[in-house]
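Summary of the model geometry
Next come the chains, spelled out residue by residue.
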Amino acid sequence: MPINSFSLHLMQALIYKSTGNWYSAKLEDGNFVQARIKGKFKIDGITSTNPIAVGDIVEVEMENELEQTAMIIEIYERRNYINRKSPHQKYQHQIVAANLDQTLLFATIREPRTSQGFIDRFLIASEAYHIPAVIVFNKADVYRKKEMDVYEVWKHMYEAVGYKVFLISMEKNEGVRNVIDELKGKVTLISGHSGVGKSTFINAILPQLQLRTEEVSGWSGKGMHTTTFAEMYDLPGGGQIIDTPGVKEFGLVDISKQELSHYFPEMRVLINDCQFNNCLHLEEPDCAVKDAVRNEKIHPLRYISYCGILATIEEKRSPSKPPRR
Ligand SMILES: Nc1nc2c(ncn2[C@@H]2O[C@H](COP(=O)(O)OP(=O)(O)OP(=O)(O)O)[C@@H](O)[C@H]2O)c(=O)[nH]1
Ligand SMILES: [Mg+2]
Ligand SMILES: [Zn+2]
């Protein structure tokens, strides 16, 4: 270690929680400090509403040893991250978490109902950074025949694409162990709508935490956003899990129409067989993707979802900049 960095108390730290201006960071010795950003940060050339996210590795300079406060002076390059469109500022991104080994999408088919579009958008965001995604359907105890039928269709559809799918009930403690087994030694981001049971799941693994969980508000069937900040927790068997606030929509960032099919694994393997190398798999002749839909090699629901998402992608004028008035 260079002498001057020693005298400045520079240390590497991992961000566990972000609450706006303050970050809770764990030092290599295991102690936590409360850290703030020094100066302005522009990272990866993107404009995000949060320059530093949970899972980021940073360099801190101790400010006050007694109060355990520090300044963040540098951020290390991210291995990957999950980002989405900021729900408040259209042209800004929100980094959900960084440096992940996998994502765990919590979905419920009832109370509240998670749509296939939401699931597919989340999977696309994971695919864009090659982060393996696992889908967990929770609240099996409230599914009637109708919802079980939907589950069966989706399970086969997503498994055929290569995703692991689990059906669990936190309420009845059914299937939960299998999901916990997936977490060992990995950094896992857990995401999904509000009220699907993300915090309930983490409480089951780390009962001493007692995270706040809340009943889904009655008539609307919508969750109430009980968790308000993303936070990472160490798992007893090694690895970490990141709880996040529920999201209503998962707005995709920086994906062009041309690219979209690359993030559908079942399409990605076929695109070289399309006649046109810029095929969008819509009306073009000799399209390998459409052939696969016809031959039932690609599930029609996934193709419909692809077309739906494609239609929502606006081709960019200039990167991340609002249009001029
Ligand atoms: N019936 C049933 N209810 C469940 C199950 N799992 C969780 N719940 C309930 O669902 C409600 C919401 O759970 P939370 O864990 O707070 O949901 P969350 O995903 O963390 O929600 P946000 O923090 O708002 O994003 C709570 O009342 C839980 O007790 C389940 O398997 N079955
Ligand atoms: Mg929660
Ligand atoms: Zn095609």
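Summarised in this report is the structure supplied together with it.

About the criteria used
- Residues numbered from 1 in each chain as written.
- Chains lettered and ligands numbered in written order.
- Predicted model: local features only at pLDDT ≥ 70, side-chain atom pairs only at ≥ 80, totals over all residues.
- Heavy atoms only, no water.
- Donors = N, O, S within 2.8 Å, 3.2 Å for Na, K, Ca; no water.
- Tetrahedral: all angles 85-135°; square planar, octahedral: opposite > 155°, others 65-115°.
- Near = heavy atom within 4 Å.
- Polar contact = N/O pair within 3.5 Å; in protein donor to acceptor, adjacent residues only side chain to side chain.
- Areas by Shrake-Rupley, 256 points an atom, 1.4 Å probe, with all protein chains shown as cover.
- 1 Å grid on protein atoms, 1.4 Å probe; cavity = no way out; pocket = protein on both sides within 12 Å on 5 of 7 lines; lining within 4 Å.
- Points joined across faces, edges and corners; volume = space filled by probe spheres on them.
- Helix = DSSP H or I, 4+ residues; strand = E, 2+ residues; numbered from the N terminus.
- Nonpolar A, V, L, I, M, F, W, Y, C, P; charged D, E, K, R; others polar.
- Patch = residues over 30% accessible without salt bridge, like charges linked within 9 Å, V, L, I, M, F, W, Y side chains within 5 Å.
- Salt bridge = Lys/Arg side-chain N within 4 Å of Asp/Glu carboxyl O.
- Lys, Arg positive; Asp, Glu negative; His and termini not counted.
- Charge placed at Lys NZ, Arg CZ, Asp CG, Glu CD.
- Buried < 20%, exposed > 50% of the residue type's maximum accessible area, 1.4 Å probe, protein only.
- Pairing = 2+ DSSP bridges.

**So, the coordination of the zinc ion (ligand 3)**
Here the zinc ion (ligand 3) is held by Cys274 (SG), Cys279 (SG), His281 (ND1) and Cys287 (SG), and the distances to it run 2.1 to 2.4 Å. Given four donor atoms and angles of 105 to 117° at the metal, the environment of the zinc ion (ligand 3) is assigned as tetrahedral.

**Regarding the site of ligand 1**
Around ligand 1 lies a shell of 23 residues, among which Asp141, Ser194, Thr200, Thr226 and Thr227 are the nearest. Contact between ligand 1 and Met170: an oxygen atom at 2.8 Å from a main-chain N or O atom of the residue. Between Gly246 and ligand 1, the recorded distance is 2.8 Å, taken from a backbone N or O atom to an oxygen atom. Taking 670 Å² as the accessible area of ligand 1 by itself, protein coverage stands at 90%.

**A closer look at the layout of surface pockets**
Reported here for the largest pocket is a volume of approximately 910 Å³. In terms of lining residues, the largest pocket is bounded by 33 residues, among which Arg84, Pro87, His88, Gln94 and Val247 are the most central. Among the elements that make up the lining of the largest pocket, the one with the highest residue count is strand E7 (residues 93–98) (three residues). Here the residues of the lining of the largest pocket sort into 12 nonpolar, 15 polar and six charged.

**As for a negative patch on the surface**
Taken together, the side chains of Glu111, Asp141, Glu171 and Glu174 make up a negatively charged region of the molecular surface. Checked against the element boundaries, Asp141 lands in the loop between strand E9 (133–137) and helix H3 (145–161).

**Some details on the pairing of E7**
The element E7 is largely enclosed, with a buried count of five among its six residues. Here strand E6 (residues 81–85) pairs with E7 via five bridges, running antiparallel. Its bridge partner lying in E7, Arg84 is registered against Gln94.

**A few points about the pairing of strand E3 (residues 32–37)**
Here strand E2 (residues 23–27) pairs with E3 via four bridges, running antiparallel. If you follow Ala25 over to E3, its bridge partner there is Val33. In this antiparallel pair of consecutive strands, E2 and E3, the connection spans four residues, and Gly30 shows a positive phi of 95°. Direction of pairing for E3 relative to strand E5 (residues 69–75): parallel, over a ladder of four bridges. Paired with Ile37 across the two strands is Ile72, which belongs to E5.

Scope: geometric values only; no functional claims are made or implied.
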